[in-house]
Amino acid sequence: GVMMLGVIFGEAFRDALRPSRLFVWLALCLIFGLLGAIWYRFQSVDNLQDAYIAVYGLCVLRILPLASAIYITSIIGKEVDQKTIVYLLTRPVPRWQYIVGRYFANCLAVTLIGAVATFATSIGVYRSLSNPMMLMDIAAVAVGSLAYGALFLLISLIINRALIVC
């Protein structure tokens, strides 16, 4: 039971962290860092914290639901699109284990993307990781990835081509 859940989680997490899947997300994180570096200079903000809040809200909190929708809807959508859902459902693995294992693996991948985006934004604005809000923001990213993930998983279980709806 638990061992199979771990195997499913591990396989899904490795799939989520494939370089081809992460390249665009990491490039966006780099752009957020650059935006953070120039935001303070070109906007009329009084301090670094205001610049960080603006870039974090504008970028990181927008990328989180997008990454979550793309990663989470692939749990079911990829199998339906490739017509392999029939083979998946005939495996001797309970369906809930398959969904739960892949859900948590993809939520962890989205959390890592959000954390890297938060680090990049913080480094861009503060020129270091000395941002007093960063740990709370990463915790918010983790909770947000679980919440968005649950919503998008529910939608993908109900609707075909759920990514369009999400």
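Above this note sits the structure.
K.L.:
Hey, could you go over the nonpolar core for me, with residue numbers and the actual values?
P.N.:
Counting 27 residues, the largest nonpolar core has Trp-25, Phe-32, Val-60, Tyr-71 and Ile-113 as the members making the most contacts within it. Breaking this core down by element, the ones donating at least two residues are helix H1 (2-16), helix H2 (19-42), helix H3 (48-81) and helix H5 (95-126). Ranked by residues supplied to this core, first place goes to H3 with 10 residues. Within the second largest apolar cluster, 14 residues are counted, among which are Ile-8, Cys-107, Leu-153 and Ala-162.

K.L.:
Explain helix H6 (residues 134-158) to me, and be specific about the residues and the numbers.
P.N.:
Here H6 contains 25 residues, and its C-alpha end-to-end distance of 36 Å stays within 8% of the 36 Å for a straight helix at 1.5 Å per residue. By the burial criterion, the buried members of H6 are Met-134, Asp-137, Ile-138, Val-141, Gly-144, Ser-145, Gly-149, Phe-152, Leu-153, Ile-155 and Ser-156.

K.L.:
Explain the pattern of salt bridges to me, and be specific about the residues and the numbers.
P.N.:
Scanning all chains against the criterion turns up 2 salt bridges. Of the charged contacts, one joins Asp-15 and Arg-18 as a salt bridge, the two residues approaching to 2.2 Å between their closest N and O atoms. The exposure class assigned to Asp-15 is buried, which follows from its relative accessible area of 13%. Between Arg-21 and Asp-15 there is a salt bridge, with its nearest N and O atoms 3.5 Å apart. For the pair formed by Arg-21 and Asp-15, the shared burial category is buried. When salt bridges with common partners are traced through the structure, they connect Asp-15, Arg-18 and Arg-21 into a single cluster.

K.L.:
Could you give me a rundown of the packing of H5 against H6, with the residues and numbers involved?
P.N.:
When two helices pack together, their arrangement is given by the angle between their axes and by how far apart the axes lie. The interhelical angle for the contact between H5 and H6, taken along N-to-C directions, is 145°, at an axis separation of 8 Å. In this structure, H5 crosses over H6, and the sense of that crossing is right-handed. Contact with H5, carried on its side by Ile-99, Tyr-103, Phe-104, Cys-107, Val-110, Thr-111, Gly-114, Ala-115, Thr-118, Phe-119 and Ser-122, involves Met-134, Asp-137, Ile-138, Val-141, Ala-142, Ser-145, Leu-146, Gly-149, Ala-150, Leu-153 and Leu-157 of H6 and no other residues of that element. Taken together, the residues of the contact of H5 with H6 break down into 15 nonpolar, 6 polar and 1 charged.

K.L.:
Could you give an account of the environment of Phe-32, with specific residues and numbers?
P.N.:
Relative to the assigned elements, Phe-32 resides in helix H2. Under the relative-accessibility criterion, Phe-32 is labelled buried at 9%. Each C-alpha atom of the pair Phe-32 and Leu-58 lies 9.4 Å from the other, and the pair is 26 residues apart in sequence. If sequence neighbours within four positions are ignored, Phe-32 has contacts with Val-55, Cys-59, Val-60, Ile-63, Ala-117 and Thr-121.

K.L.:
Hey, could you go over H1 for me, with residue numbers and the actual values?
P.N.:
Across its 15 residues, H1 extends 21 Å between first and last C-alpha, which sits within 8% of the 21 Å expected from 1.5 Å per residue. Of the positions making up H1, those classed as buried are Ile-8, Gly-10, Ala-12, Phe-13, Asp-15 and Ala-16.

K.L.:
Quick one: what's the story with the packing of aromatic side chains, residue by residue and with numbers?
P.N.:
In this structure the tally under the stated criterion is 6 aromatic pairs. Between Trp-25 and Tyr-71, the aromatic rings sit 6.4 Å apart at their centres with planes inclined by 40°, giving tilted as the arrangement. Linking Trp-25 in helix H2 with Tyr-71 in helix H3, this pair joins segments that are 46 residues apart in sequence. Comparing Trp-25 with Tyr-71, the two get one shared label, buried.

Cut-off values and rules
Residues numbered from 1 in each chain as written. Predicted model: local features only at pLDDT ≥ 70, side-chain atom pairs only at ≥ 80, totals over all residues. Heavy atoms only, no water. Core = buried A, V, L, I, M, F, W, Y, C linked by side-chain atoms within 4.5 Å. Buried < 20%, exposed > 50% of the residue type's maximum accessible area, 1.4 Å probe, protein only. Helix = DSSP H or I, 4+ residues; strand = E, 2+ residues; numbered from the N terminus. Expected span 1.5 Å × (residues − 1). Salt bridge = Lys/Arg side-chain N within 4 Å of Asp/Glu carboxyl O. Axes fitted to C-alpha atoms, helices over the stretch in contact; angles between N-to-C directions. Left-handed = near helix turned anticlockwise from the far one by under 90°. Contact = heavy atoms within 4.5 Å. Nonpolar A, V, L, I, M, F, W, Y, C, P; charged D, E, K, R; others polar. Phe/Tyr/Trp six-rings, centres within 6.5 Å; stacked < 30°, edge-to-face > 60°.

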